[in-house]
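# Report on the structure
The chain contents come next:
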Amino acid sequence: LRSLIQIQAASSLLFTLASKNCICSRAFLVTSSLQAVILKPSLSQYNKVYNSKVRNPFAFISKNPWCFRTSILHMSSSPTTSACTSLKTITGNMYKRSKLSSTSSSNEIPPSSKTIATHSGTFQADEALGVWLLRQTSTYRNSPVIRTRDPAIYSKADIVIDVGGIYDHERRLYDHHQRDYNERFEAKLKRLPDGSTEESERCTKLSASGLVYRHYGREVIHNFYPELQESHLDWTYTKMYDRFMESVDAVDTGVEPFPEGFKPLYSDSTGLSIRVSRLNPRWNEECTDEDENGPDDRFEIASGLCGQEFLDILTGVVESDIPAKTFVETAVKQRFDVDSSGKIICFPSGGLPWKGHLYNMEKDMGLSDDNDDAQNQLIKFVLYTDQGGMWRVQAVPIEGRKFDNRLGLPEPWRGVRDEDLEKISGIKGAKFCHAAGFIGGAQTYEGALEMARAALKTDS
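What counts as what
Residues numbered from 1 in each chain as written. Predicted model: local features only at pLDDT ≥ 70, side-chain atom pairs only at ≥ 80, totals over all residues. Heavy atoms only, no water. Salt bridge = Lys/Arg side-chain N within 4 Å of Asp/Glu carboxyl O. Helix = DSSP H or I, 4+ residues; strand = E, 2+ residues; numbered from the N terminus. Buried < 20%, exposed > 50% of the residue type's maximum accessible area, 1.4 Å probe, protein only. Pairing = 2+ DSSP bridges. 1 Å grid on protein atoms, 1.4 Å probe; cavity = no way out; pocket = protein on both sides within 12 Å on 5 of 7 lines; lining within 4 Å. Points joined across faces, edges and corners; volume = space filled by probe spheres on them. Nonpolar A, V, L, I, M, F, W, Y, C, P; charged D, E, K, R; others polar. Axes fitted to C-alpha atoms, helices over the stretch in contact; angles between N-to-C directions. Phe/Tyr/Trp six-rings, centres within 6.5 Å; stacked < 30°, edge-to-face > 60°. Parallel < 35°, antiparallel > 145°, perpendicular 65-115°, else oblique. Left-handed = near helix turned anticlockwise from the far one by under 90°. Contact = heavy atoms within 4.5 Å.

### Observations concerning the pattern of salt bridges
Per the stated rule, a full pass over the model turns up 22 salt bridges. Note that R275 is salt-bridged to E309, the shortest N-O span being 2.8 Å. Within this pair, whereas R275 is found in helix α9 (residues 272-278), its partner E309 is found in helix α10 (residues 295-333), the two being separated by 34 residues in sequence. Residue R275 is classed as partly exposed on the basis of its relative accessible area of 23%. Overall, E309 belongs to the partly exposed group, its relative accessible area being 22%. For K431, the salt bridge goes to D418, with nearest N and O atoms at 3.3 Å. With K431 in strand β14 (residues 430-433) and D418 in helix α13 (residues 418-425), this pair connects stretches of sequence that are 13 residues apart. Among the ionic contacts, a cluster of salt bridges with common partners joins K188, R202, D242 and E246.

Structure below.
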């Protein structure tokens, strides 16, 4: 009865806080038995809470409603395994995106009377995205767009992109079609196994949107996330180019996605540039500016499409990648609490973007399979719970590869499920192993851990 009362009280508090935007609105309360439970502020503070035998943590949470993580744990859980006995974690976002056009937003930017000019005719993703980016700045917020190739007209605009044959930031001219043009984004930094970095030139020149992003990208990110720390702003600025802007530039400037001699195994017609291209009138379609859905109207649709894509990725970078970094760092530092090999780490829940953070942290710590000391070798498996509460064991991919893993689950397990998998593996509660061997599942944490340990034994 006491447990049920505590769970009910915890639920009431969490959802009250969620309704006030204090924490993520998706709250999960999970317990597997009628044992006393506690709410803890964060995984890193578990030992303090546990050892002090806190019985009423609600006061702590109410005093710290703006940024915390909370999990429901059994009081009998061991402090050394707390990161992996947590059934579900509720994460408060460090940053929340501002709504620039909302009248209720404290970061509202008034519309601008300045004009943006770009070329008429067939439009591409680069100028459509460039226009959208400019419209998110204070200077050109929701500015009208003039689409023309007439110099007498576009020269009167306040800013010109993707037409005119001149790149001059001081004069607000951003074209990239001139013969001697060779502007590129800042050099790409590659993290080496010893923790040092190596610079390499970008594969593509900057398109019109790339030039706009170079000069106005930081302001756009800041306008949507005004509370972003300076270090996080710089990281996000570069990450957004790596993850999104570079591909737009490369497609527009004609950079092949594969090195010479490689032939793609299939074609992809779902990319942003292709979707924007499909919005243009067909070659045999009569379409004029006087039509209800004329070229200028379609350009506005394309610009909005590009902007939504930008925002979707920006939201993931700021609201998912940045908070995830802390979880990954904690998991790597506590890896020997999970298994003495140091090759298995555990997250309190799945879904967080961990791969890039893991690769970088391994390099910073000097972890490598070339090390003679087995305890300083690369991590091979990650444990976490899925949305249904099942424990997963996932192989760590080789860096730069999507489907090749450092070590897969044993071949005899692959494609086998439930009782058959229990018999083959000898692991109670083993539920499945993917046919490709990159992921498996078990009913319990102990079962998933045993699956990972058994796989490590095959790595000789």
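That shown, we press on.
### Some remarks on the pairing of strand β13 (residues 391-395)
Most of β13 sits inside the fold, with 4 of its 5 residues counted as buried. Sheet topology places strand β12 (residues 381-385) next to β13; 5 bridges connect them, and they run antiparallel. Residue pairing for β13: L383 is matched across the bridge by V393. Adjacent in sequence and paired antiparallel, β12 and β13 are bridged by 5 residues, among which G389 carries a positive phi angle near 95°. Pairing of β13 with strand β15 (residues 439-442) involves 4 bridges; the strand directions are antiparallel.

### A word on the layout of surface pockets
Reported here for the largest pocket is a volume of approximately 1900 Å³. Taken together, 48 residues form the lining of the largest pocket, with K239, G356, Y359, N360 and E399 sitting closest to its centre. Counted by class, the lining of the largest pocket contains 17 nonpolar, 9 polar and 22 charged residues. Taken as a whole, the second largest pocket spans an internal volume of roughly 1500 Å³. Around the second largest pocket, the lining comprises 30 residues; the ones closest to its centre are P257, F258, Y266, D268 and K402. For the lining of the second largest pocket, the secondary-structure elements that each account for two or more residues are α8 (230-253), α9 and α10. Among the elements that line the lining of the second largest pocket, the one with the most residues is α8, at 8 residues.

### Here we look at the sheet that holds β15
Within the open sheet, the 5 strands sit side by side as β11-β12-β13-β15-β14. Their pairing is mixed. Looking at which strands have only one partner, the edges of the open sheet turn out to be β11 (344-346) and β14. Each strand axis lies, on average, 20° off the axis of its neighbour in the sheet, ignoring direction.

### Overview of the packing of aromatic side chains
Under the defined criterion, the tally for this structure stands at 16 aromatic pairs. For the pair F123 and F299, a centre-to-centre distance of 5.8 Å together with 80° between the ring planes defines the contact as edge-to-face. Here F123, found in the loop between β4 (116-118) and α5 (125-134), pairs with F299, found in helix α10; they are 176 residues apart in sequence, far enough to count as distant. Accessibility classification places F123 together with F299 in one group, the buried group. A centroid spacing of 5.6 Å and a plane angle of 50° characterise the contact between W132 and F310, whose relative ring orientation is tilted. Taken together, the positions of W132 in helix α5 and F310 in helix α10 put the pair 178 residues apart, joining distant regions of the chain.

### With respect to the packing of α8 against α10
Look at α8 against α10: their axes get within 10 Å of each other, and the N-to-C directions meet at 130°. What the angle tells us is that α8 and α10 run oblique. The element α8 and its partner α10 pack so that their crossing is right-handed. Across the interface between the two elements, H232, W235, T236, K239, M240, R243, F244 and M245 from α8 touch C306, E309, F310, I313, L314, V317, V318, D321 and I322 from α10.

### A short note on the sheet that holds strand β5 (residues 145-147)
Ordered by their spatial adjacency, 5 strands build an open sheet running β5-β4-β6-β8-β7, and the pairing between neighbours is mixed. The open sheet has two free edges, formed respectively by β5 and β7 (167-168), since each of these has just one partner strand. The pairing of β4 with β5 spans 3 bridges and is parallel. Its bridge partner being in β5, A117 is matched across the sheet by I146.

### With respect to the environment of R172
With respect to the helices and strands, R172 occurs in the loop between β7 and β8 (173-174). For R172, a relative accessible area of 29% gives the class partly exposed. As for R172 and I159, which are separated by 13 residues in sequence, their C-alpha atoms are 5.0 Å apart. Residue contacts for R172: discarding those within four places in its chain leaves Y140, D158, I159, V160 and Y216.

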